[in-house]
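Secondary and tertiary structure notes
In case you want the letters, here they are:
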Amino acid sequence: MTDREIKLVMGALLHDIGKVVFRAGDGRQHSISGYEFLKDDLHLCDTQLLDCVRYHHGNLLKTARIQNDALAYIVYIADNIAAATDRRVNNSDEKGYDVKVPLESIFNILNGNHLKAHYSAAPLLDDGNINMPTEEETVFEKSFYNELINEIKNSLQDLENWKIEYVNSLLSTMEAYLSYIPSSTALHELADISLYDHLKMTAAYASCIEQYLTAEGITDYKEALYKNASVFYEKKAFRLFSMDLSGIQSFIYTIHSEGALSMLRSRSFYLEIVMEHMIDEILEAASLSRVNVIYSGGGHCYMLLPDTNKMKDIIKEKQASFNRFFLEQFDVSLYIACASTACSANELKNIPKGSYKELFKSLSNQLSEQKLARYTKDELLELNRRSLQDDRRECKVCKTSAKIKGDRCVFCDAMDKFSKEILYKHFFTISLKEREGAIALPGGKYLISQDEKAVKKSMEEDPYFVRTYGKNKFYTGKSVATKLWVGDYTQKGKTTEDYAKEAEGIDRIAVLRADVDNLGRAFVSGFPEEYTTLSRTAMFSRQLSLFFKHHINYVLSHPKFSLNGKKKERNATIVYSGGDDLFIVGAWDDVIELAIDVRNELNRYSLGTLTLSAGIGIYQPKYPLSVAAEEVAEYEESAKNYPNKNAVTVFEGTYSWEDFITKVIDEKLYELETFLSTSEERGKAFLYRLLELIRTMDDRINLARFAYVLARLEPDDDKDKEQKAAYSQFSKRMYNWVQNEKDRRELVTAIYLYVYLHREGVSE
């Protein structure tokens, strides 16, 4: 990026900083407050940037003495476009502004909701603590905004250095401190777009507009953007872009060796880095920054780009380059599909109604078509001409034919070394130079893991340094990394065998696969028509990513639900958590418990608008995880096929989450625990006999046999009344349950849970 392009992005990211100053008690217009803050407190003296802040409103721009090609004109119209996609009336009769109003939840109006929940006054912390929406009264006091100003001021030292690293630093600072600050405090408008998201979208629009105008040879910004703004809103100046990585599941789960858990995690993380790397390769080629990324997760991304011939050529060239790399490295197992469509500012504002949905429909159709016809005629001919080389053998780990190093292919050998560091290192650097332990990436680049000291040295001294990604921590200043949220909860160094030994009862592990129901529908049509805009898509996407990539670590490290009342740290490892889905391996009881925690917290977080369907399989610790992944995928599919979804399949039974928690665990498992803990006849043989009879309960003879087995548990006459009463309740409930098909299925699952909780070791 040129200095001018960087100044434009930074000016757009800072244009509304005066809102924080104003709400802290400054009585002037926020454009003036922000200008004075940057000039006097942060000692910025660059006129172009300061003008972007000072003149981003028409009333001051009208009399401004600036050049006709001043960047302020771009920020002015970009702010208007962003504001138009942010601000929608809330159907109230209230007028005016209230600087104390909190940020409302984006989920208030999603999927038919009509709520008034909002967030508390707090920054976005990198400890993962979740700022849950609430309807309890909340006000943002001046003292809170004063604290924010001081924090921002301390974070933005040496800002006047026009390098791309400072864009990342500024973006990181804005995300940390402004994610839960409302952009608008107008009482007649929804306040569900954060100031951070508004600033980021303004910067994205501004970058695209500048490149579009340059490509069109337009230099009189005053004429094109200020005097004739309504004409510009109709121009196809933008290109909505999507990228989708196919083959993720088979790539991750093609593991057949010892140490599979760490290898699964490293392959999953590798794909996360690959996607972010491909995004940055496109942005860097186009002289754009991370502000243009709307959403990234789950092997999928959306970006807002300029509609120029250069941009279209970059997309075409990069897609071809990425897929050449995948063919060379992984044959046909991975493929990147790209789609884009030109659009106007009005279409991004959903003018006319329905035009916004059509943009995403176009992207979806393009991606589907590409996946059906992946390769060109020349690529197909080249694939057919390929023959196995003499030096290729089968890799012990992934079972593919490749050049072997020892008994593993070059990629799996590198991944084995990488897997030992991935969960515990915090920086992942992209380099132009291949070195020991480096893993190949698209575009002739390589991935290495580093600590903070090594990263700083690379930034200053390494001529092959490209960029670095910092994991789960905000970094600001000169040596700043692109921050990535990563769900990486684990118990350091533990294997599946360790997890099985630490499970309650039987030595078993569990595998969880889950994803959000109907997410595509929520993206495209989850909001009412009048609220369907790019700003809400971006806000919704970021909130979803925050949960599955960031807050998920907090959910697992702060356990709530328990099968037996014992609260302990989760013995589990997140293999993958991103976009909208999960893959977790751990002790069998911990996995069931944490699955319930994730479901419950997502329900709170999304105000009931998003549901989760999951499959949970229970296995011996040496069972191949690749096979388990396929089997649990079928369980997950069973949950997806349950009426209204929002379900879980476990022990081959599929239940709504509510039924699984309240009927299977709280009711039937609790009844088994309560009675059998005091019964002298608590042998598991009794429960096995009951299971055998329950499975054939359609036969009335077996119903009689079931009653007989229960009768044998009746306490002797000399037992106390409490024991006899407990037996009477237990036998009555059991007898009633087995005569109802739904209760009968729930009872079977509850018995399995009880037996697993009380079995010892693996011998039984």
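Structure first, text after, so check above.
Below, the structure is looked at part by part. Just so you know, these numbers come straight off a predicted model, no measurement behind them.

The rules behind the values
- Residues numbered from 1 in each chain as written.
- Predicted model: local features only at pLDDT ≥ 70, side-chain atom pairs only at ≥ 80, totals over all residues.
- Heavy atoms only, no water.
- Pairing = 2+ DSSP bridges.
- Helix = DSSP H or I, 4+ residues; strand = E, 2+ residues; numbered from the N terminus.
- Axes fitted to C-alpha atoms, helices over the stretch in contact; angles between N-to-C directions.
- Contact = heavy atoms within 4.5 Å.
- Expected span 1.5 Å × (residues − 1).
- Buried < 20%, exposed > 50% of the residue type's maximum accessible area, 1.4 Å probe, protein only.
- Arc of directions from axis to C-beta.
- 1 Å grid on protein atoms, 1.4 Å probe; cavity = no way out; pocket = protein on both sides within 12 Å on 5 of 7 lines; lining within 4 Å.
- Points joined across faces, edges and corners; volume = space filled by probe spheres on them.
- Nonpolar A, V, L, I, M, F, W, Y, C, P; charged D, E, K, R; others polar.

1. Quick word on the sheet that holds strand β2 (residues 293-297)
Ordered in space as β2-β3-β1-β4, the four strands form an open sheet in which the pairing is antiparallel. Each of the sheet's edge strands pairs with one partner strand only, and the pair in question is β2 and β4 (335-343). Going from strand to strand, the sheet's axes swing by 20 degrees on average, the running direction of each strand aside. Direction of pairing for β2 relative to strand β3 (residues 300-306): antiparallel, over a ladder of four bridges. The partner of glycine 297 across the bridge, within β3, is histidine 300. Packed onto the sheet, helix α22 (residues 534-557) meets β2 and β3 and runs at close to 30 degrees relative to β2.

2. Here's the deal with helix α16 (residues 355-372)
Across its 18 residues, α16 extends 26 Å between first and last C-alpha, which sits within 8% of the 26 Å expected from 1.5 Å per residue. Within α16, burial applies to Ser355, Tyr356, Leu359, Phe360, Leu363, Leu367 and Gln370. For α16, the angular spread of the buried residues around the axis is 160 degrees, confining them to a single face. Of the residues in α16, the exposed ones pointing more than 90 degrees away from the buried face are Glu369 and Leu372.

3. Re the layout of surface pockets
Space inside the second largest pocket adds up to approximately 850 Å³. Tallying contributions element by element places α16 first for the lining of the second largest pocket, with six residues. Broken down by class, the residue content of the lining of the second largest pocket amounts to 17 nonpolar, eleven polar and eight charged.

4. Focus on empty space enclosed by the protein
In the structure shown here, the tally under the stated rule is three cavities of 30 Å³ or more. The volume enclosed by the largest cavity comes to roughly 680 Å³. Along the wall of the largest cavity there are 37 residues; nearest its centre are Glu276, Arg290, Ser296, Lys483 and Leu484. For the lining of the largest cavity, the secondary-structure elements that each account for two or more residues are α8 (164-178), α9 (195-215), α12 (248-253), α13 (260-285), β2, β12 (482-484) and α22. In terms of residues, the lining of the largest cavity owes the most to one element, α22, which gives six residues.

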